[in-house]
Amino acid sequence: MATFLYRLGRGAFRRRGLVALVWVALLFAAGFGAATASAPTSGSFSIPGTEAQKAFDLLDKKFPGMAADGATARIVVKAPAGAKVTDPAPKAEVEKLISGLKGGAGAAQIASVDDPYETKAVSQDGSITYVSVKYNVSGMELKDDTREALKESGHDAQRAGLQVEIGGDALMEAPETGSGEVIGILIAAIVLVITFGSLIAAGLPLLTALIGVGIGVSSITALANVLDLGSTTSTLAMMIGLAVGIDYALFIVSRYRAELAEGRERDEAAGRAAGTAGSAVVFAGLTVVIALVGLAVVNIPMLTKMGVAAAGTVVIAVLVALTLVPAILGFAGKKVLPAGTKSKLFGKGKPAGAEPKANGGTRWARFVLRRPVTVLLAGVIGLGAIAIPASKLEMGLPDDGSKPVSTSQRKAYDLLSDGFGPGFNGPLMVVVDGDKALADKTAERIKGLDGVAMVMPPAQNQAKDAAIVSVIPKDRPSSVKTEDLVHSIRAGNPDGVYVSGQTAMNIDFSQKMNDALLPYLALVVGLAFLLLMLVFRSILVPLKAALGFLLSVVAALGAVVAVFQWGWLGSLFGVEQTGPIMSMMPIFMVGVVFGLAMDYEVFLVTRMREAYVHGERPGQAVVTGFQYSARVVVAAAVIMIAVFSGFLGASDAMVKMIGFGLAVAVLFDAFVVRMAIVPAVLALLGHKAWWLPKWLDRILPNVDVEGESLRKHLGDSGSAEGPDKDRELVNA
């Protein structure tokens, strides 16, 4: 592989004009497709194999149109103190509101508007009522004038002294990332400038990453409706694509500068950079792709599509690093080097072959080697303490009750809870596949269960062979008591009777994610062990890497629970409302963090193995690995943290939570696990760290991430010093 990548990188450098033209053309083609495509929807949501999904499938068959994905809205009206919504004046305002909706600018997209006085949607004390609005398109497909008409529908009633709040998914808009994303990129730029000491070298990874992300996200946008991709898919792909795109380009540029410092010709340096660092980039990218595509094992189409879309962006980032980066290096010439010969990365201008000055990475590695037990215990105990909140993890899906208290959706949610009870915001829908007798029997049985506030009379379909029984729980939708009620109803249901509704869907989704987490974790950790065993030709090093990955993931989950579920330091991170952790958060974070953790493991530990294979003692090999790789790995980690942290400003709660979780996970994995625990463990293991049974060594294929075959192909010196010098930044 290394030889192929060498030829690819060298060819891209020599034919830089053509390569750059192809990538620019791809960017324009993807951009044109995105600009001409219709706006993405929220994406269909299904959970194959669950009871809630069976109920929705039955609704499609027995009640055509009921399970449609049209947006809904509830306009909640509260009368002034001492008045009732049934009084003549408030009632006139509500009827005026309904007339305005039916004859307003967005009337063409409205399927129905319920009159609350006809449906008796008035609270027991008469102070609160609500108008239900059903649209014939999804929330993301509503026109601006339709959404604006909904927002303005209650202005006259408000001026008359009534409180009007609006909830429902009709107000759903595409998630916005705010200024945080831009700040994250600016921080990445500053880190690159400090690392490289050159504006050209710093700008190159940013430019190529933005081109790759532009192609990936534009392609997702263009295909969103065709592939039924959710509105948050492109945001998540952007988050991951930016981070890995900058990092992969950083590693290639660093290696290119190292080759120039060795006195190689520019095209030769580009080829060697692609053949050595490029091999590590391919392996690192492959781990991320496998982890993301592996989300398909959960068997939830929405999550599978998110993973595949993000994986596609990572593939583009790898291809950009291997082809476009060498091409742009060809245009940049030697301007990628720092001013003069004072590069901090390459011995501050010392002649080739001179002993490099001890840098920060060297000093830190020596510190760890002097106190390996102390460092190991501090790292494990520290992350273990942070991981404790993960034991109290509660999972669920967001509704209007999880929105900030300042929003109209949250106020509408609270008013409905006050007027009709906490469970009114999460009614259960029991679908009966049978005649009226079975429906009546089911309704009577449910009335006798604990936690039931109200059971509506069964509503039959036209064929009289199916019915719907609406159940209002006593407790709020996300409560444990409501979950217990769902299980109680299902426990006594005969065949053909299913519990569904948004609340039941959320419960089933969370359960499915819970059930899939351990198998997926076993798959990911097992894959990590096998891949790293191929790379490092060792058993204990991959085992240490996998255990370190588990520690960083659990600690990151603990931090997410503490901030987003418990509210610790919530105001610092823009968390206005605490609640259950997004059901897909743990498994999605496992997939992404696995790939990123293996990146750092490969780029850092491969250099240690090279030094050990060429005769250095285990402790000195650790120092050598940190001497040449620590600065670049630290820069890569800081860049990823900055990019992920930028998404804390997102309006979408899921994007905000994932941004925080990934940023914290990278912080823990890069700076605690890889920079502290890994060298401490290697120091304690000594020679045993690199042991591999001879029989296993013979049957394992040689993936040659270090590019040894390339050196032989190019006729490099076989001495210990020659290959070592030629590999000074192989991980970069």
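Given the structure is predicted, the values throughout are model-derived calculations rather than measurements. (Residues numbered from 1 in each chain as written. Predicted model: local features only at pLDDT ≥ 70, side-chain atom pairs only at ≥ 80, totals over all residues. Heavy atoms only, no water.)

Draft legend 1. Seen up close, the overall build of the protein. Of regular secondary structure, the protein possesses 25 helices and 11 strands. In the protein, which comprises 732 residues, the proportion classed as buried is 55%. Contacts spanning at least 24 positions in sequence make up 80% of the contacts within the protein whose residues lie at least 6 apart. Looking at the protein as shown, the accessible area adds up to about 29,600 Å², and 60% of this sits on carbon and sulfur atoms. (Helix = DSSP H or I, 4+ residues; strand = E, 2+ residues; numbered from the N terminus. Buried < 20%, exposed > 50% of the residue type's maximum accessible area, 1.4 Å probe, protein only. Contact = heavy atoms within 4.5 Å. Areas by Shrake-Rupley, 256 points an atom, 1.4 Å probe, with all protein chains shown as cover.)

Draft legend 2. Geometry of helix H21 (residues 618-645). Considering bend angle alone, the principal kink of H21 is centred on Ser629 and spans about 55°. Within H21, 22 of the 28 residues are buried, which leaves it mostly tucked inside the rest of the structure. (Bend = angle between axes of the 7 residues up to and from the residue.)

Draft legend 3. Representation of the packing of aromatic side chains in the model. Within this structure, the stated rule accounts for 9 aromatic pairs. Ring plane angle 80° and centroid distance 5.4 Å describe the contact between Tyr130 and Phe420, whose orientation is recorded as edge-to-face. A residue pair is termed long-range when its members are at least 10 positions apart, and Tyr130 in strand E3 (residues 128-135) and Phe420 in helix H15 (residues 408-420) qualify at 290 residues. Residue class for Tyr130 comes out buried when judged on its relative accessible area of 13%. For Phe420, a relative accessible area of 21% corresponds to the partly exposed category. (Phe/Tyr/Trp six-rings, centres within 6.5 Å; stacked < 30°, edge-to-face > 60°.)

Draft legend 4. The environment of Phe668, seen in detail. In this structure, Phe668 sits in helix H22 (residues 653-685). If we skip the residues at most four places from it in the chain, Phe668 touches Leu383, Ile386, Ser552, Ala555, Ala556, Ala559 and Val673.

Draft legend 5. Highlighting the sheet that holds strand E2 (residues 110-113). One open sheet holds the 4 strands; their spatial order is E2-E3-E1-E4, and the pairing between them is antiparallel. Edge strands, defined here as strands with exactly one partner in the open sheet, are E2 and strand E4 (163-167). Within this sheet the neighbouring strands show an average axis-to-axis angle of 20°, counted without direction. Its contacts with the sheet place helix H4 (residues 88-103) against strand E1 (72-78), E2 and E3, and it is angled at close to 10° to E3. Taken strand by strand, H15 contacts E1, E3 and E4, and its axis lies near 110° from that of E4. (Pairing = 2+ DSSP bridges. Axes fitted to C-alpha atoms, helices over the stretch in contact; angles between N-to-C directions.)

Draft legend 6. A look at the side chain of Ser254. As for its placement among the helices and strands, Ser254 is situated in helix H10 (residues 233-261). Overall, the relative accessible area of 0% leaves Ser254 in the buried class. Within the local environment of Ser254, its side chain forms a polar contact with the backbone oxygen of Leu250, the two atoms lying 2.8 Å apart. (Polar contact = N/O pair within 3.5 Å; in protein donor to acceptor, adjacent residues only side chain to side chain.)

Draft legend 7. Highlighting the pairing of strand E9 (residues 467-473). Judged by how many residues are buried, E9 sits mostly within the fold: 6 of 7 residues are covered. Bridge analysis of strand E6 (residues 428-432) against E9 gives 5 bridges, and the strand direction is antiparallel. Across the sheet, the residue bridging to Val432 is Ala467, located in E9. By the bridge criterion, 2 bridges tie strand E8 (residues 459-460) to E9 in an arrangement that is antiparallel. Counted as the bridge partner of Ala459 is Ile468 from E9. Hairpin connection between E8 and E9: a loop of 6 residues separates the two successive antiparallel strands, and Lys464 in this loop has a positive phi of roughly 60°.

Draft legend 8. Structural view of unusual backbone geometry. Even without glycine at this site, Lys120 takes up a positive phi of about 60°. Mapped onto the elements, Lys120 comes out in the loop between helix H5 (116-119) and E3. For Lys120, a relative accessible area of 69% gives the class exposed. Backbone geometry places Asn299, a non-glycine residue, at a positive phi of 65°.

Draft legend 9. Here's a closer look at a negative patch on the surface. Judged by side-chain charge, Asp144, Asp145, Glu148 and Glu152 come together as a negatively charged surface patch. Along the chain, Glu152 falls in helix H6 (residues 144-152). Take Glu152: its relative accessible area is 43%, and that puts it in the partly exposed class. (Patch = residues over 30% accessible without salt bridge, like charges linked within 9 Å, V, L, I, M, F, W, Y side chains within 5 Å. Salt bridge = Lys/Arg side-chain N within 4 Å of Asp/Glu carboxyl O. Lys, Arg positive; Asp, Glu negative; His and termini not counted. Charge placed at Lys NZ, Arg CZ, Asp CG, Glu CD.)

Draft legend 10. Focus on the nonpolar core. In terms of nonpolar packing, the biggest core is built from 160 residues, with Tyr248 and Phe549 touching the most fellow members. Sorting elements by how many residues they give to this core places H22 first, with 18 residues. Not counting residues within four places of it along the chain, the set of residues in contact with Tyr248 comprises Val281, Ala284, Gly285, Val288, Ala317, Val318, Ala321 and Asp599. Among the nonpolar cores identified, the runner-up in size contains 25 residues, and Ala73, Ala79, Tyr135 and Leu142 belong to it. (Core = buried A, V, L, I, M, F, W, Y, C linked by side-chain atoms within 4.5 Å.)

Draft legend 11. Fine view of a nonpolar patch on the surface. A surface patch of nonpolar side chains, amounting to about 380 Å² of accessible area, comprises Val373, Leu377, Ile381 and Leu684. Element by element, the count of residues in the nonpolar patch is highest for helix H14 (residues 372-387), at 3 residues. As for its placement among the helices and strands, Leu684 is situated in helix H22.

Draft legend 12. The packing of helix H9 (residues 199-227) against helix H12 (residues 301-332), seen in detail. Running from N to C, H9 and H12 cross one another at 145°; their axes reach a closest spacing of 8 Å. Here H9 and H12 pass one another in a crossing that is right-handed. In this structure, H9 contributes Ile200, Leu204, Leu207, Thr208, Ile211, Gly212, Ile215, Gly216, Ile220 and Leu227 to the contact, and H12 contributes Lys305, Ala309, Thr313, Ile316, Val320, Leu324, Val325, Ile328, Leu329 and Ala332. Among the residues forming the contact of H9 with H12, the class breakdown is 15 nonpolar, 4 polar and 1 charged. (Left-handed = near helix turned anticlockwise from the far one by under 90°. Nonpolar A, V, L, I, M, F, W, Y, C, P; charged D, E, K, R; others polar.)

Draft legend 13. Local environment of the side chain of Arg490. Locating Arg490 in the fold gives a position in helix H17 (residues 480-491). Separated by 3.1 Å, the side chain of Arg490 and the backbone oxygen of Val499 make a polar contact. A polar side-chain atom of Arg490 sits 2.7 Å from a polar atom in the side chain of Asp508. Ignoring any residue separated from it by four or fewer positions in sequence, one finds Arg490 in contact with Glu51, Ala52, Val499, Ala504 and Asp508.

Draft legend 14. Looking closely at the packing of H9 against H10. Two elements in contact, H9 and H10, have axes whose closest approach is 8 Å; the angle formed by their N-to-C orientations is 150°. In terms of orientation, H9 lies roughly antiparallel with respect to H10. Of the two possible hands of crossing, H9 and H10 adopt the one that is right-handed. Judged by residue contacts, Ala201, Leu204, Pro205, Leu206, Thr208, Ala209, Leu210, Val213, Val217, Ile220 and Thr221 of H9 engage Thr233, Ser234, Ala237, Met238, Gly241, Leu242, Gly245, Ile246, Ala249, Leu250, Val253 and Arg257 from H10. When grouped by side-chain class, the residues that make up the contact of H9 with H10 number 16 nonpolar, 6 polar and 1 charged. (Parallel < 35°, antiparallel > 145°, perpendicular 65-115°, else oblique.)

Draft legend 15. Examining the pattern of salt bridges more closely. Taken as a whole and assessed by the stated rule, the structure comprises 19 salt bridges. As a salt-bridge pair, Asp156 and Arg159 come within 2.3 Å of each other at their nearest N and O atoms. With a gap of 3 residues between them, Asp156 and Arg159 both fall in helix H7 (residues 155-159), about one helical turn apart. You can call Asp156 partly exposed: its relative accessible area is 31%. Relative accessible area serves as the criterion here: at 65%, Arg159 is assigned to the exposed category. Ionic pairing is found between Glu259 and Arg255, a salt bridge with its closest N-O pair at 2.2 Å. Of the two residues, Glu259 and Arg255 both sit in helix H10, 4 residues apart, roughly one turn of that helix. An identical accessibility class is assigned to Glu259 and Arg255; each is buried. One connected set of salt bridges, linked through shared partners, spans Arg10, Arg14, Asp267, Glu268 and Arg272.

Draft legend 16. The arrangement of H17 in detail. Taking 1.5 Å per residue as the helical rise, H17 with its 12 residues ought to reach 16 Å, and the 16 Å between its terminal C-alpha atoms agrees with that figure. Within the span of H17, buried status applies to Thr482, Leu485, Val486, Ile489 and Arg490. For H17, the angular spread of the buried residues around the axis is 130°, confining them to a single face. In H17, those exposed residues whose orientation departs by more than 90 degrees from the buried face are Val480, Lys481 and Ala491. (Expected span 1.5 Å × (residues − 1). Arc of directions from axis to C-beta.)

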